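Geometric and topological summary
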Amino acid sequence: MRAYLASSIGVACTAALALPLALHPGPAHARAERTVAAASTRSLPLRPLDPLDSLDSRVGGGTDRGVAAGRGDAVVERGVTASGVRPFSLVGVVWDRPAAELRGRAQVRTRAVGGAWSPWRELLPYGDEAPDPDSPELRGARAHGGTAPLWVGASDAVEARVRPEGTGSADARAADARASDAGAEGAGAAALPSGLRLELIDPGEPPAPPEAGRAALRALPGHPVPTAGSGAPASGGGVPGAKPTVVGSPGPTVVGSPGRPSWGSSGPSVKPSSPPTPSAKPTTPRPSASVPVTTTPPPSALDTDTDTDADAEAATAGAARYSAPRPAIVTRAGWGADEKIRETGHVYSKTVKVAFIHHTVTGNNYSCSQAPSVLRSIYRYHVKSLGWRDYGYNFTIDKCGKIYEGRSGGVTKAVRGAHTLGFNTNSMGIAVLGTFTSKKPSAKAVKAVAKLTAWKLGLFKRNPRGTTHLVSGGGNKYKKGTSVKLHVIAGHRDGFATECPGKRLYKKLGSVRKTAARLQGR
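Keep in mind that what you see is a predicted model, and the values were worked out from it rather than measured.

Section: the state of the cysteines
Tallying each qualifying case throughout the model produces one disulfide. Two residues, Cys 368 and Cys 400, share a disulfide whose sulfurs are 1.8 Å apart. Disulfide Cys 368-Cys 400: the torsion about the S-S bond is 85°, which places it as right-handed. With Cys 368 in the loop between β13 (354-359) and α9 (371-385) and Cys 400 in the loop between β14 (395-397) and β15 (403-405), this residue pair connects regions lying 32 residues apart in the sequence.

This is the structure:
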């Protein structure tokens, strides 16, 4: 009996000890998995600074101490200091009204995780890389103004300052008269827009490796789009039995689809636009492709188009034979875009007539392996901080020449982006990751721009060495309604008074046009 009782007690104790483990299978581990991959945005208000407690004095020197009130003026400089914060990798300054102009100089310096402080760095203007002035995307309640974002790498402390133009002089006092124009804060800070804050962006961890069956969706090899009506996969190297797949979204989605609120029925029509249907097969050989592709049926157009130059060219009998193979493109899933944060649906133009080339002005201190993290950070800044509906550029290219899908909606379609203020309709925006004011872009990046433009412009029968016309939606260079003659491959500065895409990248556009035309067989 004693032996039986002891055995029963032992079994009961064993079961009792095992029960909690069965009810709670690794909760700490499960929580860790959800936390590590999460991206985040933290906003820090920029407040008036005391000149006797300058930011420079807190971190070991500098030559700008007390400049905000050097002549007895009211304190107008604004700033913030934060240390021991959750690690972040990208920063930017934003304010309430997108139409308000930042008449001042924004600077930041950061401390690398486990490292030293960086020097002060400029946050450059960004109002020219935005949705069009009359776009619901820019006029919505969520839209804000902001500087260009800056990639700083993994950091855990930051200091920021914004100094109005003419600080410490009569110019600062004269700026009071302009307070109502910019929605400014207080008599002493009349030149600064209201709601100034510093955004700290953590891109989160990179996505987990894809399943074997989905790996090809992350970076599709180059191959031309099949001719219209064939519906057949590209020959040579296709996956037997595989279903045709279109890079980007699986099918056309319209504004107002279930999910997050969209711009509503008052916005523009959103039937997607497909490339013009070629009448002959491309003359370039078809490289092998692991994933086939099909074209979508041509829907109705979004916008009326009064231009005739490029359309006449597209209608010529020989135009259809000019095409180029599609380069490999990393999809949004490939660089880890969080599709839950963007607006649902897509907005399309009628066609693509111009490819505007940009630089992201996020700096050049990134490795090619970090490029997806930089893209996730910019994407989050565009959507969460500036209030745009999605990532602004249609495509982005890193220093190693890798091409990334940008704004969602389909890489073969005329997706309307937010990249060239006043000229987002009937155009696409290609941004090279980096700043090229004084630094030369890599040869691989320039070659990738040529490959991408040759392919995408070929879908819409555009000659990379030609010119066309776009109608301005309003900007600082051309008034709204002005018909502007542009290169089919143009720099951002051609449509707006801006330094973009940087002097060194802009000088490469001539060779880009020549190479793209050659790739099309011209």
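Regarding the pattern of salt bridges
If the charged atoms of two oppositely charged side chains come close together, the side chains can form a pair. Across all of its chains, the model carries 13 salt bridges by this definition. The partner of Glu 122 in a salt bridge is Arg 105, with the nearest N and O atoms 2.5 Å apart. Placement of the pair is Glu 122 in strand β5 (residues 121-123) and Arg 105 in strand β4 (residues 104-112), with a sequence separation of 17 residues. Classification of Glu 122 as partly exposed rests on a relative accessible area of 34%. In this structure, Lys 340 and Asp 338 form a salt bridge, with 3.1 Å as the shortest nitrogen-oxygen distance. On the accessibility criterion, Lys 340 (63% relative accessible area) is exposed. A network of salt bridges, in which partner residues are shared, links Arg 332, Glu 339, Arg 342 and Asp 390.

Some words on the environment of Leu 49
Note on placement: Leu 49 falls in the loop between β2 (47-48) and α3 (55-58). Spatially, the C-alpha atoms of Leu 49 and Val 76 are 7.4 Å apart, while their sequence positions differ by 27 residues.

Quick word on the pairing of strand β16 (residues 427-432)
Most of β16 is tucked away, with six of its six residues classed as buried. Here β16 shows a buried face lined by Ser 427, Gly 429 and Ala 431 and a second buried face lined by Met 428, Ile 430 and Val 432. Relative to β16, β13 runs parallel, the two sharing six bridges. Bridged to Phe 356 within β16 is Gly 429. As judged from the three bridges shared by β14 and β16, these two strands associate in the parallel manner.

Calculation rules
Per chain, residues are indexed from 1 in the order of the written sequence. Where totals are concerned, whole chains, interfaces and linings use all residues; where local detail is concerned, this predicted model gives features only for residues with pLDDT of at least 70, and gives and counts side-chain atom pairs only at 80 or more. The basis for every side-chain value is the complete set of non-hydrogen atoms in the structure, without hydrogens or water. Disulfides are defined in this document as cysteine sulfur pairs within 2.5 Å. A run of DSSP states H or I qualifies as a helix once it reaches four residues; a run of E qualifies as a strand once it reaches two. Both are numbered from the N-terminal end. The term salt bridge refers to a pairing of a side-chain nitrogen on Lys or Arg with a carboxyl oxygen on Asp or Glu at a separation within 4 Å. Three labels apply to residues, based on accessible area from a 1.4 Å probe with only protein chains included: buried if under 20% of the type maximum, exposed if over 50%, partly exposed otherwise in between. Any two strands with at least two DSSP-identified bridges between them are counted as paired.

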